Amino acid sequence: MTTPLQEQLQLRAIDASALSVLGFDGRRVEELLNGADPTITEVRRIAGHFNIPVRSIISGVIKSKRGEFKLRENFGSKTGGGYEVLDLLDRAELLAKVLPENTERRIFIAIKTEEKNFEAAEELAAFCRAEVLGVDSVTPLIDLEDRLYAKTNARTLIVGLRSIEGSVVAQFAHSFIFLSTRPDPRMRFTLAHEICHYLCDISDGMGSAWFDEDTLNPVGDFRRDEIFANSFASALLLPPTGVGEA
């Protein structure tokens, strides 16, 4: 049976020579690669050097979850992103198991991809401000996270990731928006971008997820959806009517 540490090393293609750099002797490296349980000191050393979440080395990433989810990814490169996707799916599952259900606040607005244009993005942003967040077109959304939490079933969490800038994961009637640590203005724009995916792209609450490597540079099969989400984010944070009035 594969151990959590072995899973993480295999996901990242970390071999014996890479582990030996951390100061482990050859015998200990072989033991770890063959499934020996690492000590707390070894876990911290491996996690810190290879940027692996300590929890993942101890509990392991649930690989099967990726196959059960409807995943959409805005990735220009798959390098490094795969294990972070699995880690966020794992986090969402753990959180969903302990949080009370909040299905009555789930909001979904169906918009076909071919109907996604700038005008539709502005309309959706205006609707979101007025009907979802309960704010006028002039008020700055400096409390966007609090309003989103109060009015919907989406919870925002800050995570330290390299390859993923933002994502939405829906599972067991819970929705989670993950934001990677970036400068504040970029994180706020990314949050608004992910809110768009939450509103009109994540329809299956039992297992849907959207992952963005870079919100400002959309790529892949869902490029039109990404451009729409950027237009929505711009109109949500700086609504044309509000800017005009101001």
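A short tour of the structure in this document, coming up. Throughout, residues of each chain are indexed from 1 in the direction in which the sequence is written. At least 70 in pLDDT is required for a residue's local features to be given in this predicted model, at least 80 for side-chain atom pairs to be given and counted, and no such filter applies to totals for whole chains, interfaces and linings, which use all residues. The basis for every side-chain value is the complete set of heavy atoms in the structure, and neither hydrogens nor water enter the calculation.

1. Re the pattern of salt bridges
Okay, so step 1: A pair is scored as a salt bridge if a Lys or Arg side-chain nitrogen falls within 4 Å of a carboxyl oxygen belonging to Asp or Glu. Counting across every chain of the model gives 9 salt bridges.
Okay, so step 2: With its nearest N and O atoms 2.5 Å apart, the salt bridge here joins Glu165 to Arg186. Within this pair, whereas Glu165 is found in the loop between β2 (154-159) and β3 (166-171), its partner Arg186 is found in helix α10 (residues 184-200), the two being separated by 21 residues in sequence.
Okay, so step 3: A salt bridge links Arg186 to Asp214; the nearest nitrogen and oxygen atoms lie 2.7 Å apart. On the criterion of sequence distance, the pair formed by Arg186 in helix α10 and Asp214 in the loop between β5 (208-212) and α11 (223-237) is long-range, its members being 28 residues apart.
Okay, so step 4: Arg186 gets classed as partly exposed once you look at its relative accessible area, which sits at 26%.
Okay, so step 5: If you follow the salt bridges from partner to partner, you end up with Arg27, Arg28, Glu31 and Glu42 in one network. To qualify as a helix, a DSSP run of H or I must reach at least 4 residues; to qualify as a strand, a run of E must reach at least 2; elements of each kind are numbered from the N terminus. Here the term buried applies to any residue with accessible area under 20% of the maximum for its type, exposed to any over 50%, and partly exposed to those in between, with areas from a 1.4 Å probe on protein chains only.

2. Some points on the side chain of Glu42
Okay, so step 1: Mapping Glu42 onto the fold places it in helix α4 (residues 40-50).
Okay, so step 2: With residues up to four places along the chain from it excluded, the contact list for Glu42 reads Phe24, Arg28, Leu32 and Asp37. We call two residues in contact when some of their heavy atoms are within 4.5 Å.

3. Quick notes on the environment of Ala154
Okay, so step 1: On the secondary structure map, Ala154 appears in strand β2.
Okay, so step 2: Note on Ala154: relative accessible area 1%, which makes it buried.
Okay, so step 3: With 49 residues separating them along the chain, Ala154 and Arg105 place their C-alpha atoms 8.5 Å apart.
Okay, so step 4: Other than its neighbours up to four places away in sequence, Ala154 contacts Leu148, Tyr149, Ser175, Ile177 and Tyr198.

4. Re the sheet that holds strand β1 (residues 70-74)
Okay, so step 1: Whether two strands pair comes down to DSSP finding at least two bridges between them. Spatial strand order, β1-β5-β3-β4-β2: 5 strands in an open sheet with mixed pairing. Only two strands of the sheet have a single neighbouring strand rather than two, namely β1 and β2. Neighbour-to-neighbour, the strand axes of the sheet open up by a mean angle of 15 degrees, direction not taken into account.
Okay, so step 2: Where β3 lies against β5, 5 bridges are found, and the strand directions are antiparallel. Bridged to Gly166 within β5 is Asp212.
Okay, so step 3: Axis lines are fitted to C-alpha atoms, over the contacting stretch for helices. Their N-to-C directions set the angle, which ranges from 0 to 180 degrees. The sheet strands contacting α10 are β2, β3, β4 (174-180) and β5, and the helix crosses β4 at an angle near 150 degrees.

Take it as geometry only, folks, not as evidence of what the structure does.
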